[in-house]
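Residues per chain, in single letters:
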Amino acid sequence: MVVKVRECVSISEVRESIDQLDDQIVKLISERSRYVEQAAKYKKDTDDVKAPKMVEAVIEKVRNLANENNVNPDIIEEVYRTMISCFINHELVQHSKLHSK
Ligand SMILES: C=C(O[C@@H]1C=C(C(=O)O)C=C[C@H]1O)C(=O)O
């Protein structure tokens, strides 16, 4: 599917459109973060948090979604590897707080 976007007639319109999307993207990443934090409760050790097989499954899934949505899968993979790596570090902190009590 090709997502329909508005045909901008100036750089300020382009920037305005990108700003609106950034607002949504940050809200969605925040929502994702809340679920990753909840995952810490169900992971028994740090290997479980790092879950390399799960990471590869997510990467495969988002590469397929990228192909379906007409965006370069290599860009999506790089963005997701960076995001998941940050979330794993965040979750390791949550996990150690929960399991040191
Ligand atoms: C949500 C899970 O794992 C977590 C998912 C992450 C992510 O997708 O960003 C990061 C850390 C993992 O511990 C899961 O195993 O289902």
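Each residue is numbered by its place in its chain's sequence as written, counting from 1. Reporting in this predicted model follows two pLDDT cut-offs: at least 70 for local features of residues, and 80 or more for side-chain atom pairs to be given and counted; totals over whole chains, interfaces and linings ignore these cut-offs and use all residues.

Peer 1: I'd love a proper account of the overall build of the protein chain, names of residues and values included.
Peer 2: In this text, helices come from DSSP runs of H or I with a minimum length of four residues, and strands from runs of E with a minimum of two, each type numbered from the N-terminal end. In terms of regular secondary structure, the protein chain is built from four helices and zero strands. Starting at the N terminus and ending at the C terminus, the protein chain contains elements arranged as α-α-α-α. In this description the radius of gyration comes from C-alpha coordinates, and the expected globular size is given by 2.2 Å times residues to the power 0.38. Computed over C-alpha atoms, the radius of gyration of the protein chain comes to 17 Å, more than 25% over the 13 Å expected from 2.2 N^0.38 for 101 residues, which places it beyond the range of a compact globule. Each of the three principal axes of the protein chain carries a C-alpha extent, and together these read 55 × 25 × 15 Å. Here the protein chain holds 101 residues, and 4% of them are scored as buried. Here the contact rule is simple: place C-beta atoms from the backbone, and any two residues whose C-beta atoms are within 7 Å are in contact. Across the protein chain, contacts joining residues at least 24 apart in sequence account for 60% of those joining residues at least 6 apart. Exposure classes come from backbone-placed C-beta atoms, where a residue is buried if 20 or more other C-beta atoms lie within 10 Å of its own, exposed if 12 or fewer do, and partly exposed in between.

Peer 1: Describe the confidence of the model for the protein chain, and please don't skip the residues or the numbers.
Peer 2: When the pLDDT values of the protein chain are averaged, the result is 95; 99% of them are 70 or greater. Among the prediction metrics, the complex's ipTM stands at 0.91, with pTM recorded as 0.92. The pLDDT value tells you how sure the predictor is about a given residue, anywhere from 0 up to 100.

Peer 1: Run through the UniProt feature "coiled-coil region" (unreviewed entry) in the protein chain, naming residues and quoting values.
Peer 2: UniProt positions are given in the numbering used here, feature names are shortened, and annotations may be inferred rather than shown by experiment. Those residues carrying the UniProt feature "coiled-coil region" (unreviewed entry) are residues 11–38 in this numbering. Helix makes up 100% of residues 11–38 and strand 0%, with an end-to-end C-alpha separation of 41 Å.

Peer 1: Account for the UniProt feature "domain: Chorismate mutase" (unreviewed entry) in the protein chain, with residues named and values stated.
Peer 2: With numbering matched to this structure, UniProt assigns "domain: Chorismate mutase" (unreviewed entry) to residues 5–95. Counted over residues 5–95, helix gives 81% and strand 0%. Its end C-alpha atoms are 41 Å apart.

Peer 1: Please set out the site of the ligand residue by residue, giving values where relevant.
Peer 2: Nearness here has a simple definition: the residue's C-beta atom, placed using the backbone, must lie within 6 Å of the molecule or strand. Taken together, the neighbourhood of the ligand is formed by Val36, Ala39, Lys43, Val49, Ala51, Met54, Val58, Ile84, Phe87, Ile88 and Glu91. Considering each element in turn, the shell around the ligand owes the most residues, four residues, to helix α4 (residues 73–99). Throughout this entry, Asp, Glu, Lys and Arg are counted as charged residues, while Ala, Val, Leu, Ile, Met, Phe, Trp, Tyr, Cys and Pro are counted as nonpolar. The remaining residues, Gly among them, count as polar. Looking at the shell around the ligand residue by residue, the classes come out as nine nonpolar, no polar and two charged.

Peer 1: How would you sum up unusual backbone geometry? Please name residues and give values.
Peer 2: Residue Ala51 is not a glycine yet carries a positive backbone phi of 30 degrees. Here Ala51 lies in the loop between α2 (46–50) and α3 (52–68). Among the residues examined, Ala51 registers 16 C-beta atoms within 10 Å and is labelled partly exposed. Backbone geometry at Asn70 places phi at a positive 60 degrees, although glycine is not the residue there. Structurally, Asn70 is set in the loop between α3 and α4. With 9 C-beta atoms counted inside 10 Å, the residue Asn70 sits in the exposed group.

Peer 1: So what's going on with the environment of Val93? Which residues, and what values?
Peer 2: Tracing the backbone through its elements, the reader meets Val93 in helix α4. You can call Val93 exposed: it has 12 C-beta atoms within 10 Å.

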